[in-house]
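# Working through the structure, step by step
Read off the chains here:
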Amino acid sequence: MDSNGNSVGKGDAAAQTRQALKNIGIVLAGAGADFSNVVEFTTYVVARSSIPGGYLDGCGELYPHLYPYGDFPPYTLHVVASMVREDYLVEIKAVAALP
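All of the points below concern the structure found in this document. (Residues numbered from 1 in each chain as written. Predicted model: local features only at pLDDT ≥ 70, side-chain atom pairs only at ≥ 80, totals over all residues. Heavy atoms only, no water.)

## Things to note about the packing of aromatic side chains
This model, assessed by the stated rule, comprises 5 aromatic pairs. Plain terms: the ring middles of Tyr 63 and Tyr 67 are 5.5 Å apart, the flat faces sit at 70 degrees to each other, and that makes the pair edge-to-face. In this structure Tyr 63 comes out as buried when scored by relative accessible area, which is 11%. Grouping aromatic residues by their ring pairs yields a cluster made of Phe 35, Phe 41, Tyr 63, Tyr 67 and Phe 72. (Phe/Tyr/Trp six-rings, centres within 6.5 Å; stacked < 30°, edge-to-face > 60°. Buried < 20%, exposed > 50% of the residue type's maximum accessible area, 1.4 Å probe, protein only.)

## Details of the pattern of salt bridges
The tally for this structure, following the rule as stated, stands at 1 salt bridge. The partner of Glu 61 in a salt bridge is Arg 18, and the shortest N-O contact between them spans 3.1 Å. Taken together, the positions of Glu 61 in helix H2 (residues 51-66) and Arg 18 in helix H1 (residues 13-30) put the pair 43 residues apart, joining distant regions of the chain. The partly exposed category is assigned to Glu 61, whose relative accessible area is 40%. A relative accessible area of 27% places Arg 18 in the partly exposed class. (Salt bridge = Lys/Arg side-chain N within 4 Å of Asp/Glu carboxyl O. Helix = DSSP H or I, 4+ residues; strand = E, 2+ residues; numbered from the N terminus.)

## With respect to the nonpolar core
Ranked by size, the top nonpolar core spans 21 residues in total, and within it Leu 21, Ile 24, Phe 35, Phe 41 and Ile 92 carry the most contacts. Those elements that place two or more of their residues in this core are H1, strand S1 (38-46), H2 and strand S3 (90-96). Counting residues per element, this core draws most heavily on H1, which supplies 5 residues. Residue contacts for Phe 35: discarding those within four places in its chain leaves Leu 21, Ile 24, Gly 25, Leu 28, Phe 41, Leu 66 and Tyr 67. (Core = buried A, V, L, I, M, F, W, Y, C linked by side-chain atoms within 4.5 Å. Contact = heavy atoms within 4.5 Å.)

If you want it as structure tokens, here you go:
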């Protein structure tokens, strides 16, 4: 979902992953933090088929920029049957330790 509440990337888990990480970055910046403050990610993905070529592609595009030294935090990945809206394929929760 973008900052206007519109769905992003219908049927495209990679696009939804990129948007979710962008949204997390905005929230972190608003708190005076960045991705280096994230201590854990929890991700929910609809269907195993959304992982390769979807979620992993989205992370693969952004993680090298967000974590240039490869020191990204641990994450838990859950495969779920559905989300609250049919369009949603990916949901990412981040826990950050603020300075």
